[in-house]
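# Remarks on the overall topology
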Amino acid sequence: MAKFELKRLHKAIIFLIISALFFALMNMFVQLSGDVPTIQKTFFRNFFALIIASGAMIKNKVSIVPPKEARFDILMRAVTGFVGMLCHFYALGELNISDASLLNKMSPFFAIIFSIFLLKEKANKVQWAIILTAFVGVLFVIKPSFQNADIIPSVAGFVGGMAAGCAYTFVRRATMHGAKGSYIVFFFSAFSCVAALPFVIFGYSPMTMEQFLMLVGAGLCAAVGQFGITAAYSYAPAKEVSIYDYSQIIFSAALGFFVMGQLPDWLSVVGYVVIIAAAFAMFRYNNRKTI
């Protein structure tokens, strides 16, 4: 590998790990905001991210009008991303931060599945085997049984990962049609604010100053995380660095333990190992195919 390419790869890895850290911090702030309604958390998380995204668009002189070919993809990215965020934030309010984060990290596997339909890409037998292995890992985390009081938020977290995977596929299709990354972030944040606003107005739940500051922190961390992951993939393709995004699980587990005193049970730990191993196997396989 050329020295220039290696330098770009190192930058991508650093940006992706920074992104993972700030998304883990976002999850922590969302959970620390307490009993604020999920839709209200979603609004404030996106409102502060919208301010930062708007500033980035102005600085980079990005047009407010997206390419015609990308408009449907940008809209669907916003819709599926909004649904995914609602499910994820609901799961964060009910589960350990590491469990909720892990379920959300099923999104890369779902992105492969949705790519079959949206991008006409085909998964082979090896990729399907890895995806099924990851789904087995999910069962250890969700622990499906009528005795599991967390079954509903666990399923919600899983659905959130599925919606996020669909959203990422639409992001890829939108960029293939000429949309700028900063505009996609801007539109998603704006759409989420508009979609959540009526529910916030008519069902507003008073917040303490501490809860408000937690949501400000969530919005700021989300913006840094989003721009970090955008920068990472501008330096190197996802197949070369995507595995480092799973460092968010480590950060989330550490924050859950040291900040909130949370400790996942042994079944969840088994699930973590299986899913991260599946992600590593997919990472290795995708890179080997291009050598």
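Relevant structure appears above.
Figured I'd write up the structure that's included with this text. (Residues numbered from 1 in each chain as written. Predicted model: local features only at pLDDT ≥ 70, side-chain atom pairs only at ≥ 80, totals over all residues. Heavy atoms only, no water.)

### Section: the overall build of the protein chain
- Check the secondary structure of the protein chain and you find twelve helices and zero strands.
- Each helix and strand of the protein chain, placed in order from N terminus to C terminus, yields the pattern α-α-α-α-α-α-α-α-α-α-α-α.
- The C-alpha atoms of the protein chain give 18 Å as radius of gyration, which agrees with the globular expectation for 291 residues (19 Å, within 12%).
- Taken along its principal axes, the extent of the C-alpha atoms in the protein chain is 55 × 50 × 35 Å.
- Burial statistics for the protein chain: of 291 residues in total, 49% are counted as buried.
- Carbon and sulfur atoms provide 71% of the accessible area of the protein chain, an area that totals close to 14200 Å². (Helix = DSSP H or I, 4+ residues; strand = E, 2+ residues; numbered from the N terminus. Rg over C-alpha atoms; globule rule 2.2 N^0.38 Å. Buried < 20%, exposed > 50% of the residue type's maximum accessible area, 1.4 Å probe, protein only. Areas by Shrake-Rupley, 256 points an atom, 1.4 Å probe, with all protein chains shown as cover.)

### Some thoughts on the side chain of Ser 101
- Checked against the element boundaries, Ser 101 lands in helix α4 (residues 97-104).
- A polar contact of 3.1 Å, which involves the side chain of Ser 101, links it to the side chain of Ser 252.
- The residues contacting Ser 101, other than those within four sequence positions of it, are Asn 27, His 88, Gln 248, Ile 249 and Ser 252. (Polar contact = N/O pair within 3.5 Å; in protein donor to acceptor, adjacent residues only side chain to side chain. Contact = heavy atoms within 4.5 Å.)

### Observations regarding the environment of Ala 195
- Positionally, Ala 195 belongs in helix α8 (residues 181-202).
- Judged by its relative accessible area of 22%, Ala 195 is partly exposed.
- Taking C-alpha positions, Ala 195 is 38 Å from Arg 8, a pair spaced 187 residues apart along the chain.

### Considerations on the packing of aromatic side chains
- Within this structure, the stated rule accounts for 16 aromatic pairs.
- Pairing Phe 110 with Phe 158 gives two aromatic rings, centres 5.4 Å apart and planes at 70°, and the pair type is edge-to-face. Of this pair, Phe 110 sits in helix α5 (residues 107-118) while Phe 158 sits in helix α7 (residues 151-176), placing them 48 residues apart in sequence.
- Judged by its relative accessible area of 6%, Phe 110 is buried.
- Their ring planes at 75° and their centres at 6.1 Å tell us that Phe 135 and Phe 158 sit as a pair that is edge-to-face. Of the two residues, Phe 135 is situated in helix α6 (residues 125-142) and Phe 158 in helix α7; the sequence distance between them amounts to 23 residues. (Phe/Tyr/Trp six-rings, centres within 6.5 Å; stacked < 30°, edge-to-face > 60°.)

### Let's talk about the pattern of salt bridges
- In total, this model carries three salt bridges according to the counting rule given.
- The salt bridge partner of Arg 172 is Glu 121, with a shortest N-O separation of 2.7 Å. Separated by 51 residues along the polypeptide, Arg 172 in helix α7 and Glu 121 in the loop between α5 and α6 bring together distant segments of the chain.
- Residue Arg 172 is classed as partly exposed on the basis of its relative accessible area, which comes to 39%.
- Here Glu 121 falls in the partly exposed class, since its relative accessible area comes to 30%. (Salt bridge = Lys/Arg side-chain N within 4 Å of Asp/Glu carboxyl O.)

### Describing the nonpolar core
- Residues Met 26, Phe 29, Met 106, Phe 109 and Ile 275 are the most contacted members of the largest nonpolar core, which totals 42 residues.
- When contributions to this core are tallied by element, the ones reaching two or more residues are α1 (3-32), α3 (71-94), α4, α5, α6, α9 (209-235), α11 (247-260) and α12 (266-289).
- In terms of residue count, α1 provides more of this core than any other element does, seven residues in total.
- The residues touching Met 26, leaving out its near neighbours within four places in the chain, are Arg 45, Phe 89, Ala 218, Cys 221 and Ala 222. (Core = buried A, V, L, I, M, F, W, Y, C linked by side-chain atoms within 4.5 Å.)

### Description of α11
- Compared with an ideal rise of 1.5 Å per residue, which puts 14 residues at 20 Å, α11 spans 19 Å between its outermost C-alpha atoms and is within 8% of the ideal.
- Burial in α11 covers these residues: Ser 247, Gln 248, Ile 249, Ser 252, Leu 255 and Gly 256.
- A positive phi of about 65° marks Gly 261, the residue just after α11. (Expected span 1.5 Å × (residues − 1).)

### A word on unusual backbone geometry
- Its identity is not glycine, yet Lys 61 carries a phi of approximately 55°, on the positive side.
- On the secondary structure map, Lys 61 appears in the loop between α2 (38-60) and α3.
- Positive phi is not limited to glycine here, since Lys 120 has a value of about 60°.
- Along the chain, Lys 120 falls in the loop between α5 and α6.

Any functional reading would require information beyond the geometric quantities listed.
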